[in-house]
Amino acid sequence: MKNFFLKMKLKHKMIFLILLTTSVIFFVVIGYLASRSRSVEITYAKELTEGIGQQYANTFSMRLDYSMDMARSLAHNSKALIEAGDPQRIDLDKMLKITIENNPEFLAVWTRWEPDAFDGLDSAYIASDWGTLSGVFDLNYYYSNDNIIRYVDMTTDPEEEDEIEYGPYITIPKETLQEAILDPYYYSFTGKPEDEILMTTTSVPVVIDGIFHGVLAIDIELESFFDIITDIELFESGYGKLISTNGTLVSHPRFRFIGEPSYEFIKQETEVIGAIQEGRPLIITEHSYNLGEEALRIYTPIHIGNTPTPWSFALEVPVSEIKAEANQRLWIAILLSLLALVILYIVIWQIAKYITSPVVKTTNVLNILSKGNLENVKLIQTRKEKDELAQMAIATNTLIEGLKNTVSFARDIGQGKLDTDFGLLSDKDLLGQALLNMRESLIEANKEELKRKEEDKKRRWATEGYAKFGEILRYDNEDLETLSYKIIKNLVAYLEATQGGIFVVNDDDENDKFLEMTACYAYDRRKFLEKKIKTGEGLVGTCFMEGKTTHMTEIPESYVKITSGLGEEKPNSLILVPLKLNEEIYGVIELASLNKFEQYQIEFLEKIAESIASTISSLKINIRTALLLKKSQQQAEEMKAQEEEMRQNMEELAATQEEMARKTSEMESILEALNASSFVIEYDLNGYIQNISDSFLDFVDMKKEEVTGTHHIDKIEFTKEQKKEYDQFWEDLKKGKIRKQETELNIKGKTLYVAETYAPMLDQNKKPYKIFKIANNITESKMAIKKCEEENKKLEEELKNCLKQKEKLEKQKNK
């Protein structure tokens, strides 16, 4: 058998293998389908029935929910009437009437209220024909013979109120304080038995602060649901029914069953009853009493408003019909599969013939190629199709042409023709790849030579640039704007840019640093109409903050334009380079060009930026040093002028005090003036305070009782030398000499300075009898002098630091 198969032609092998494989697959699939069809069909039937059940459940739910929503809206408005105490906004009578007029599907819209529910409200706003509102009262609108009838009733007798019988439409919402839907019931608005219809009531209580005040309800008929139920088409015998929470059949395809108990409740099927009353979906396969056989039963819950009594929509489908349909589909599948096998055999025969014919031709051509013969060899393609067989013929011809091209290319390489085009037969064409590698080696040698020459040219360009700008930085470093202009002008020209600008940090005010444009060349920027840019603002400010070179080839449309006699054009390249030296940034250079900046140009610009930063740093230090020297000289002159003015003031004060000492006859008036303008203290000859001016007490923040009677040197410790000087000071006063001194006081943590003049007061015999001290507050002038001295020291230190930094930068520059 094996040898027979090996001797078979390709066409027969294909037919045999394909038919064998297809037959095996066919019988396996048919067997699987037979075993799975019934379970799949039942699953499908469950899903289909469940979907239909949910669809019809939603339909019933929407109709019932609409009635409940309307009742809820009326109850809400009635509650607002009572809570607001302003019935002018709500006419209950009118609301009920409008509701039933706009909803002809409603049988009745009515309300009942507890006694005194509307106490304090004008009944005219509830119903125009009511009198005083008290007791139990009803308001009802209902249809009778297509006419809307209005019914009003009010019970005012307390004894009659006790005898009123309330139906479940009142008791349920009153007791539960919840929304309610009644179980289906028959009722006639005319009182005639023949006019009775199946209906239900949706009611909503009006509850305020947990107290029941009344109920708003809507009656709706249920017989119209019969049309919906009869439209259900589910298999041949399947049907649906609507069941209330107490088991009443709300709707059924057999009209005589409507209003009767459902057999689930009659037979006490606890699982089904529990699912209906708890509002749970349920799917079971059990015997159906209506169908008389096993059936698929699906129960879909219907939740109505916020009521605790859900209804349920049930669908029943005979299992026998589901299985019959599955068997029918299985036989159809088997017949179609057998027909497909016959058709497949015919198609395979044609395909085998179609494939093997070109394969034979291709084999003959390959035999010729195997002998190395390339002359007049070509596979003739007679078919117009573009399938794989046609591609095989094309690939064979491509191979032949490729081998011919390889021979021609090898011949040209041998003759030195390196620019000859050649395409590989494939990625694994070793001969062609070897020839290409040989050509690439020769071409690479030529490229390396050109690359070396190009790099030499770039190095010469950079070296000449360093020398050029080094000369500019050495000889034009006295004025910042002049230096900046020469730098940017030469950079634009040397880099063949179109325009550029240089921005230098202005840090004169430490709290307001900004970048200032010190020079520009061919600059026309709309964005920077002023020459001041804050750090972090725009591209320039960002480059300053980040301290990194920014090179852009996609420039915002409105950022910069290059203007010429032919109009405006957006640049193709923009570069911003920080002027950085030792991690400190002194400014930013910005250049725009119609050409793209090359990497060697960017590197050149970054190195030049370091030299520019060094020069700008030195220039700014020189400028700052000159300013500091000038400021120091000005402050020194101002301090001398202040000292001279103070000296003159002191001399004038001393002269005034001496004149006062000589004029004893005018002492009282002078003392009063001094008390107002100066600090005055009177001592006895032993140094005890006898009197003190109020101005001095205010100055030292003390009371007169705390000071009077104390000694001049209380709480002061002297050295032996200081005690000797103090004794001599007081002896001079006793001898009638006037003494002056400046004293530093420490009072309650504050340091104060006073200029004191001690003058002996003489009696008629020209003998001192007490000491008179006049003092003036010189704290501000003293502090000003100290501040000037401290600032002079700081300026001297800063000047020294600047000179040291200048020397350091000069050394770095020379290095």
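Residues numbered from 1 in each chain as written. Predicted model: local features only at pLDDT ≥ 70, side-chain atom pairs only at ≥ 80, totals over all residues. Heavy atoms only, no water.

Tell me about the overall build of the chain, and please be specific about residues and values.
Counting its secondary structure elements, the chain contains 19 helices and 25 strands. Within the chain, buried positions represent 40% of all 815 residues. Summed over all atoms, the accessible surface of the chain reaches about 48,100 Å², with 51% contributed by carbon and sulfur. (Helix = DSSP H or I, 4+ residues; strand = E, 2+ residues; numbered from the N terminus. Buried < 20%, exposed > 50% of the residue type's maximum accessible area, 1.4 Å probe, protein only. Areas by Shrake-Rupley, 256 points an atom, 1.4 Å probe, with all protein chains shown as cover.)

Requested: an account of the confidence of the model for the chain, with residues and values cited.
Summing up the model confidence of the chain, the mean pLDDT is 78 and the portion of residues at 70 or higher is 80%. Element-level mean pLDDT values for the chain span from 51 in helix H4 (residues 158–163) up to 92 in strand E4 (residues 180–181). Long-range and interchain partners of residues 523–529, a stretch whose pLDDT sits below 50, account for 21 contacts in this model, where long-range means more than four residues apart. (pLDDT = per-residue confidence, 0-100. Contact = heavy atoms within 4.5 Å.)

Any chance you could break down the pairing of strand E10 (residues 282–288) for me, citing the residues and the numbers?
On a regular strand, each side chain points to the face opposite its neighbour's, so the side chains alternate between the two faces of the sheet. Pairing of E10 with strand E11 (residues 293–302), which is carried by seven bridges, proceeds in the antiparallel orientation. Following the sheet pairing, Ile284 is matched in E11 by Arg297. (Pairing = 2+ DSSP bridges.)

An account of the packing of aromatic side chains is needed here, citing residue identities and associated values.
Here the structure, examined in full by the defined rule, presents 18 aromatic pairs. Taking 5.2 Å as the distance between ring centres and 15 degrees as the angle between the ring planes, the aromatic pair formed by Tyr142 and Phe189 counts as stacked. Residue Tyr142 is located in strand E2 (residues 136–144), and its partner Phe189 is located in the loop between strand E5 (185–187) and strand E6 (197–208); the two are separated by 47 residues in the primary sequence. Here a set of aromatic residues connected by ring pairs shows up, and it is made of Trp461, Tyr466, Phe469, Tyr494, Tyr600 and Phe604. (Phe/Tyr/Trp six-rings, centres within 6.5 Å; stacked < 30°, edge-to-face > 60°.)

Go over a nonpolar patch on the surface with me, naming the residues and quoting the values.
Together, Phe16, Leu17, Leu20, Val24 and Val28 give the surface a local cluster of nonpolar side chains, amounting to about 440 Å² of exposed area. Within the secondary structure layout, Val28 lies in helix H2 (residues 10–84). (Patch = residues over 30% accessible without salt bridge, like charges linked within 9 Å, V, L, I, M, F, W, Y side chains within 5 Å. Salt bridge = Lys/Arg side-chain N within 4 Å of Asp/Glu carboxyl O.)

Outline the nonpolar core, listing residues and values.
The biggest cluster of nonpolar side chains holds 49 residues, and the ones touching the most others in it are Phe60, Trp311 and Phe313. Per-element accounting of this core gives the leading share, 11 residues, to H2. Counting 36 residues, the second largest nonpolar core, distinct from the first, contains Ile488, Ile589, Ile608 and Ala613. (Core = buried A, V, L, I, M, F, W, Y, C linked by side-chain atoms within 4.5 Å.)

Can you tell me about the sheet that holds strand E13 (residues 499–506), naming the residues and giving the values?
With antiparallel pairing, the six strands of this open sheet are ordered in space as E15-E14-E13-E20-E19-E16. The sheet terminates laterally at strand E15 (532–534) and strand E16 (550–552), the two strands that pair on one side only. The mean angle between the axes of side-by-side strands here comes to 20 degrees, regardless of whether they run parallel or antiparallel. Relative to strand E20 (residues 584–593), E13 runs antiparallel, the two sharing six bridges. Residue pairing for E20: Gly500 is matched across the bridge by Leu591. Each of E13, strand E14 (514–521) and E20 is contacted by helix H12 (residues 480–494), which is oriented at about 55 degrees to E14, the strand it contacts most. (Axes fitted to C-alpha atoms, helices over the stretch in contact; angles between N-to-C directions.)

Which residues make up a negative patch on the surface, and what are the values?
The grouping of Glu478, Asp479, Glu481, Asp508, Asp509, Glu510 and Glu516 at the surface amounts to a negative patch. Following the sequence through the fold, Asp479 ends up in the loop between helix H11 (430–475) and H12. According to the relative accessible area criterion, Asp479 is partly exposed, its value standing at 40%. (Lys, Arg positive; Asp, Glu negative; His and termini not counted. Charge placed at Lys NZ, Arg CZ, Asp CG, Glu CD.)

Report on the side chain of Thr300, specifying residues and quantitative values.
In this structure, Thr300 sits in strand E11. When near neighbours in sequence (up to four residues on either side) are disregarded, Thr300 contacts Gly53, Gln54, Ala57, Trp311, Ser312 and Phe313.

A description of the pairing of strand E22 (residues 689–692) should follow, citing residues and the corresponding values.
Here strand E21 (residues 679–683) pairs with E22 via three bridges, running antiparallel. In the strand pairing of E22, Glu682 is matched with Asn691. Between E21 and E22, which pair antiparallel in sequence order, lie five residues; one of them, Gly687, sits at a positive phi of approximately 95 degrees.

Before we move on, could you go through the pattern of salt bridges and cite the residues and values that matter?
Enumeration over the complete set of coordinates arrives at 14 salt bridges. For the salt bridge of Arg112 with Asp138, the shortest nitrogen-to-oxygen distance reads 2.6 Å. Placement of the pair is Arg112 in strand E1 (residues 106–113) and Asp138 in strand E2, with a sequence separation of 26 residues. Classification of Arg112 as buried rests on a relative accessible area of 17%.

Break down helix H19 (residues 779–814) for me, with residues and values.
For H19, spanning 36 residues, the distance from its first C-alpha to its last is 52 Å, which sits close to the expected 52 Å at 1.5 Å a residue. Three or more residues of H19 are buried, namely Thr779, Ile785, Cys788, Asn792, Leu795, Cys802 and Leu809. (Expected span 1.5 Å × (residues − 1).)

Can you break down the side chain of Arg297 residue by residue, with the values?
The topology assignment puts Arg297 in strand E11. On the accessibility criterion, Arg297 (0% relative accessible area) is buried. Side-chain polar atoms of Arg297 contact the side chain of Tyr299, separated by 2.9 Å. (Polar contact = N/O pair within 3.5 Å; in protein donor to acceptor, adjacent residues only side chain to side chain.)

Give me the lowdown on unusual backbone geometry, citing residues and values where you can.
Not every positive phi belongs to a glycine, and Asn145 is a case in point at roughly 55 degrees. If you trace the backbone, Asn145 turns up in the loop between E2 and strand E3 (147–155). Residues other than glycine seldom take positive phi values, yet Lys766 does so here, at roughly 70 degrees. Along the chain, Lys766 turns up in the loop between strand E24 (750–762) and strand E25 (768–777).

I'd like to hear about the sheet that holds E10, residue by residue, with values.
Read across the open sheet, the five strands follow the order E9-E8-E12-E11-E10; overall the sheet is antiparallel. Sheet topology places strand E9 (249–251) and E10 at the edges, where each strand pairs with a single neighbour. For this sheet the average axis-to-axis angle between neighbouring strands, irrespective of direction, equals 35 degrees. Bridge count between E11 and strand E12 (residues 311–318): eight bridges; the pairing is antiparallel. Note on E12: the bridge partner recorded for Thr300 is Phe313. Together, strand E8 (239–243), E10, E11 and E12 form the strand contacts of helix H8 (residues 270–278), whose direction differs from that of E10 by roughly 145 degrees.

Describe the environment of Ser614, listing the residues and the values that go with them.
Within the secondary structure layout, Ser614 lies in helix H14 (residues 599–662). Spatially, the C-alpha atom of Ser614 lies 8.8 Å from that of Tyr586, the residues being 28 residues apart in sequence.

Tell me about the environment of Ile15, and please be specific about residues and values.
Along the chain, Ile15 turns up in helix H2. Using a relative accessible area of 7% as the deciding quantity, one classes Ile15 as buried. Spatially, the C-alpha atoms of Ile15 and Ile351 are 9.1 Å apart, while their sequence positions differ by 336 residues.

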